[in-house]
Amino acid sequence: MGDKDIISKELLKEMAKDISRHILHIEIEDDMELIDKEFTRVEKRDADLLFKNGKEIVHIEIQNNNHPQMHLRMHRYYSDILFEFEKYHIKQYMLYMGKASCTMSSSIKRDEINYKYVMIDIRDIPCESFLQSDDPSAVVLAILCDFEGKDKQEIVNTILKKLIELAKDETSFRSYLKKVELYSTNRDLEDYVEKGEKMLSVDIEKLPSFNIGLERGIQKGIQTGIQTGIQKGIQKGIQKGKEETLKISVKAFQSIGYDAKAIATLLHLKEEEVEEILKAL
């Protein structure tokens, strides 16, 4: 699942929560804690997602090809996890999202061993079930599911459009987009995501929520006395020709009681320029 060395722990934790809630239907506890653990015997092994959830340890593996010894690998993970967390109840899941039919075994029954883990073929879940959600964390997971024969680019574009609509602010939008990019590597959809971003001009400054956040940010900035940072940011925007940002800034200053002269001073503009913007508004 991507390169975990370059994925932040916070993002991994969010991904673990999303998969658990929307696919595995696990109720996540408030004290859920990601476990960053490397298991070593003969070779280095990292579980894809491993976390504490109340009195349970949840282990999730993401697999995009058939591994003939997957049941043995999962059993080995189980014994390693049990060795470290014997007092906890352990739940193991393997999400398969390969192109070929899943042929892996999910159990071991031999000698005195009776071992089993939960195996889910993600292709059995139609992407529409997530695309229709108003929860962006669920929409993100549509990239992993069955496209039901529909055009890949069309589905990817739909996912990106839905995230644009649901994003609350720039930070959350970028986080969701990062998850889509990471999950797309498991489906060989990286090029489709990149193309979708270019086709749709995925620009956070075009989001309605960005404009709202910008107005609130400017007002809050003034009220808390951090005018210098705002002025620099706005001046940078002016230099790049972002006329809409300037209009919103003027409107924001006006809404909290600044007259044209004061706004002109704060934004380093001529008073006549500010008056023209106010007339246009």
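Here goes a summary of the coordinates provided. Only a predicted model underlies this, so the values are computations on that prediction, with no experimental measurement involved. (Residues numbered from 1 in each chain as written. Predicted model: local features only at pLDDT ≥ 70, side-chain atom pairs only at ≥ 80, totals over all residues. Heavy atoms only, no water.)

## Digging into the overall build of the protein chain
(1) Moving on: Secondary structure assignment for the protein chain yields 12 helices and nine strands.
(2) Moving on: Here the protein chain holds 281 residues, and 43% of them are scored as buried.
(3) Moving on: The contacts of the protein chain with a sequence gap of at least 6 include a subset with a gap of at least 24, amounting to 61%.
(4) Moving on: For the protein chain, the exposed surface amounts to about 16,000 Å²; the carbon and sulfur share of it is 46%. (Helix = DSSP H or I, 4+ residues; strand = E, 2+ residues; numbered from the N terminus. Buried < 20%, exposed > 50% of the residue type's maximum accessible area, 1.4 Å probe, protein only. Contact = heavy atoms within 4.5 Å. Areas by Shrake-Rupley, 256 points an atom, 1.4 Å probe, with all protein chains shown as cover.)

## A few points about the sheet that holds strand E9 (residues 118-121)
Strands in a sheet are paired, the pairing made by backbone hydrogen bonds, and the direction either parallel or antiparallel.
(1) Moving on: Strand order in the open sheet formed by five strands is E1-E4-E5-E6-E9, with mixed pairing between adjacent strands. Strands at the two margins of the open sheet, each flanked by one partner only, are strand E1 (33-34) and E9.
(2) Moving on: In the sheet, strand E4 (residues 49-53) pairs with strand E5 (residues 56-63) via five bridges, with the strands oriented antiparallel. Bridging from a neighbouring strand, leucine 50 pairs with histidine 59 of E5. (Pairing = 2+ DSSP bridges.)

## Re the nonpolar core
A general feature of soluble globular proteins is that nonpolar side chains tend to end up buried together.
(1) Moving on: Ile19, Ile23, Ile60, Ile143 and Ile159 are the most contacted members of the largest nonpolar core, which has 46 residues in total.
(2) Moving on: Broken down by element, the residue count for this core peaks at six residues, all from helix H6 (residues 170-184).
(3) Moving on: With near-sequence residues (within four places) excluded, isoleucine 19 lies in contact with Leu24, Leu49, Ile60, Ile62, Leu95, Leu141 and Tyr183.
(4) Moving on: Tyr77, Met94, Tyr96 and Tyr117 belong to the second-largest nonpolar core, a separate cluster that totals nine residues. (Core = buried A, V, L, I, M, F, W, Y, C linked by side-chain atoms within 4.5 Å.)

## Focus: the pattern of salt bridges
(1) Moving on: Overall, the coordinates contain eight salt bridges when judged by the stated rule.
(2) Moving on: Close ionic contact of glutamate 128 with lysine 150 constitutes a salt bridge, the shortest N to O distance being 3.0 Å. Of this pair, glutamate 128 sits in helix H3 (residues 128-131) while lysine 150 sits in the loop between helix H4 (136-140) and helix H5 (152-166), placing them 22 residues apart in sequence. (Salt bridge = Lys/Arg side-chain N within 4 Å of Asp/Glu carboxyl O.)

## Some words on the packing of aromatic side chains
(1) Moving on: Using the criterion set out here, one finds three aromatic pairs in the structure.
(2) Moving on: An angle of 55° between the planes, with centres 5.7 Å apart, marks the rings of tyrosine 78 and tyrosine 115 as tilted. With tyrosine 78 in helix H2 (residues 70-84) and tyrosine 115 in strand E8 (residues 113-116), the pair connects residues that are 37 residues apart, well separated along the chain.
(3) Moving on: On the accessibility criterion, tyrosine 115 (6% relative accessible area) is buried.
(4) Moving on: Considering the side-chain rings of phenylalanine 85 and tyrosine 88, the 6.1 Å spacing of their centres and the 85° angle between planes classify their relative orientation as edge-to-face.
(5) Moving on: Judged by relative accessible area, which is 13%, phenylalanine 85 ranks as buried.
(6) Moving on: Accessibility expressed as a relative area gives 29% for tyrosine 88, which makes it partly exposed. (Phe/Tyr/Trp six-rings, centres within 6.5 Å; stacked < 30°, edge-to-face > 60°.)

## As for the state of the cysteines
(1) Moving on: Using the criterion set out here, one finds zero disulfides in the structure.
(2) Moving on: Summary of cysteine pairing: cysteine 145 is not part of a disulfide, and the nearest cysteine sulfur, belonging to cysteine 127, is at 7.0 Å.
(3) Moving on: Accessibility expressed as a relative area gives 0% for cysteine 145, which makes it buried. (Disulfide = S-S within 2.5 Å.)

## Points about a negative patch on the surface
(1) Moving on: Among the surface-exposed residues, Asp259, Glu271, Glu272, Glu273, Glu275 and Glu276 lie close enough to one another that they form a single negatively charged patch.
(2) Moving on: Mapping aspartate 259 onto the fold places it in the loop between helix H10 (243-255) and helix H11 (260-267). (Patch = residues over 30% accessible without salt bridge, like charges linked within 9 Å, V, L, I, M, F, W, Y side chains within 5 Å. Lys, Arg positive; Asp, Glu negative; His and termini not counted. Charge placed at Lys NZ, Arg CZ, Asp CG, Glu CD.)

## Considerations on the packing of H5 against helix H7 (residues 190-199)
(1) Moving on: One way to put it is that H5 packs onto H7 with a least axis distance of 9 Å and a crossing angle of 60°. In terms of orientation, H5 and H7 fall into the oblique class. As for how H5 packs across H7, the hand of that crossing is right-handed. Contacts from Lys152, Gln153, Val156, Asn157 and Leu160 in H5 reach Tyr192, Val193, Lys195, Gly196, Glu197 and Met199 in H7.
(2) Moving on: Class assignment of the residues belonging to the contact of H5 with H7 gives a composition of five nonpolar, three polar and three charged. (Axes fitted to C-alpha atoms, helices over the stretch in contact; angles between N-to-C directions. Parallel < 35°, antiparallel > 145°, perpendicular 65-115°, else oblique. Left-handed = near helix turned anticlockwise from the far one by under 90°. Nonpolar A, V, L, I, M, F, W, Y, C, P; charged D, E, K, R; others polar.)

## So, the pairing of strand E7 (residues 107-110)
(1) Moving on: Sheet topology places E7 next to E8; four bridges connect them, and they run antiparallel. Bridge assignment links arginine 110 to a residue of E8, and that residue is isoleucine 113.
(2) Moving on: If you look at the hairpin formed by E7 and E8, you'll find two residues sitting between the two strands, and aspartate 111 has a positive phi there, around 50°.

## Side note on the side chain of lysine 162
(1) Moving on: Along the polypeptide, lysine 162 turns up in helix H5.
(2) Moving on: Here lysine 162 occupies a buried position and makes no salt bridge, while the nearest side chain of opposite charge, aspartate 134, is found at 4.2 Å.
(3) Moving on: Sequence-distant contacts of lysine 162, defined by excluding residues within four places in its chain, comprise Leu131, Gln132, Ser133, Asp134 and Val139.

## Quick notes on unusual backbone geometry
(1) Moving on: Unlike most non-glycine residues, histidine 25 shows phi in positive territory, near 55°.
(2) Moving on: The residue histidine 25 is located in the loop between helix H1 (9-22) and E1 in this model.
(3) Moving on: Overall, histidine 25 belongs to the exposed group, its relative accessible area being 65%.
(4) Moving on: For aspartate 188, which is not a glycine, the phi torsion comes out positive at approximately 55°.
(5) Moving on: Locating aspartate 188 in the fold gives a position in the loop between H6 and H7.

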